[in-house]
Amino acid sequence: AVRALRELRRQGFLIVIISNQSGIGRGYMTRRQADNVHKRVISLLANSGVEIDDACYCPHAPEDGCKCRKPSPEMLFEAARKFNIDLSRSFMIGDRDVDIETGRNAGCRTLCLRSAENPTAGSIMADHESGDWEGLVRYILDNASTEKTDAL
């Protein structure tokens, strides 16, 4: 992932991480603990040469019925407003159906990272699927318009 994200940054893409962190809403962890994990991930990526433009998460449990939890596109809409992103020219990368559904709901092109660890992904068809990050990057670079696009 580091090599792929570094290449996307080198090509001028913005990188925004969005995730559901229902462990907060379920009481498994505090918001502070989740924030520390997020900061650590961003720090590890930065130390590997990957600058992340933004990272946000939904802290709610699934039963809370919030408007930000994936597959709601709200976190993508927020990033689009913040960075003036055209979601129709952006790519949502994920390894779960909820990620693909989120990207579709926001009007993004969707990419599914297939893996042996997540064999159930794929009931919702992505625009492209690959078993490795390199395949996803190739697809993005081959299909990005000449204008600025973004990876989310």
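Residues numbered from 1 in each chain as written. Predicted model: local features only at pLDDT ≥ 70, side-chain atom pairs only at ≥ 80, totals over all residues. Heavy atoms only, no water.

Draft legend 1. Seen up close, the overall build of the protein. When helices and strands are counted, the protein shows six helices and five strands. Element order for the protein, N to C, with α for helix and β for strand: α-β-α-α-β-α-β-α-β-β-α. Buried positions account for 44% of the 152 residues belonging to the protein. For the protein, the proportion of contacts with a sequence separation of at least 24, taken over those separated by at least 6, is 60%. For the protein, the computed accessible surface area is about 8,200 Å², with 48% contributed by carbon and sulfur atoms. (Helix = DSSP H or I, 4+ residues; strand = E, 2+ residues; numbered from the N terminus. Buried < 20%, exposed > 50% of the residue type's maximum accessible area, 1.4 Å probe, protein only. Contact = heavy atoms within 4.5 Å. Areas by Shrake-Rupley, 256 points an atom, 1.4 Å probe, with all protein chains shown as cover.)

Draft legend 2. Focus on the sheet that holds strand β3 (residues 91-94). On the basis of which strands lie adjacent, the open sheet formed by three strands has the order β3-β4-β5 and parallel pairing. At either end of the open sheet lies a strand with only one pairing partner, and these are β3 and β5 (128-130). Here the average twist between neighbouring strands, direction ignored, is 20°. Sheet topology places strand β4 (residues 109-113) next to β5; three bridges connect them, and they run parallel. Bridge pairing in β5 links L111 to H128. Against the sheet, helix α6 (residues 133-143) touches β3, β4 and β5, its axis set at about 165° to β4. (Pairing = 2+ DSSP bridges. Axes fitted to C-alpha atoms, helices over the stretch in contact; angles between N-to-C directions.)

Draft legend 3. Structural detail: the environment of D97. Structurally, D97 can be placed in helix α5 (residues 97-106). Exposure remark for D97: the relative accessible area of 18% places this residue in the buried category. For D97 and M125, which are 28 residues apart along the polypeptide, the C-alpha to C-alpha distance reads 8.2 Å.

Draft legend 4. Here's a closer look at the pattern of salt bridges. Applying the stated criterion across every chain yields a total of nine salt bridges. E74 is the partner of R81 in a salt bridge, and the nearest nitrogen-oxygen pair spans 3.1 Å. (Salt bridge = Lys/Arg side-chain N within 4 Å of Asp/Glu carboxyl O.)

Draft legend 5. Representation of α6. Residues of α6 that are buried include every one of G135, L136, V137, Y139 and I140, and no others. On its buried face, α6 is in contact with α1 (2-10), β3, β4 and β5.

Draft legend 6. Geometry of α5. Those residues of α5 that fall on the buried side of the exposure criterion are D97, D99, I100, T102, G103 and A106. In the core, the buried residues of α5 are packed alongside β1 (16-20), α4 (74-83), β3 and β4.

Draft legend 7. Representation of the nonpolar core. If you look at the biggest cluster of nonpolar residues, it comprises 16 residues, and the most contacted ones within it are L5, L8, V50, F91, L111 and I140. For this core, the secondary-structure elements that each account for two or more residues are α1, β3, β4 and α6. The dominant element in this core, judged by the number of residues it contributes, is α6, at four residues. Beyond its immediate chain neighbours, meaning those up to four positions away, I140 contacts L8, F13, F91, I93 and L111. One finds C56, M75, L76 and M92 within the second-largest nonpolar core, a separate group that totals 15 residues. (Core = buried A, V, L, I, M, F, W, Y, C linked by side-chain atoms within 4.5 Å.)

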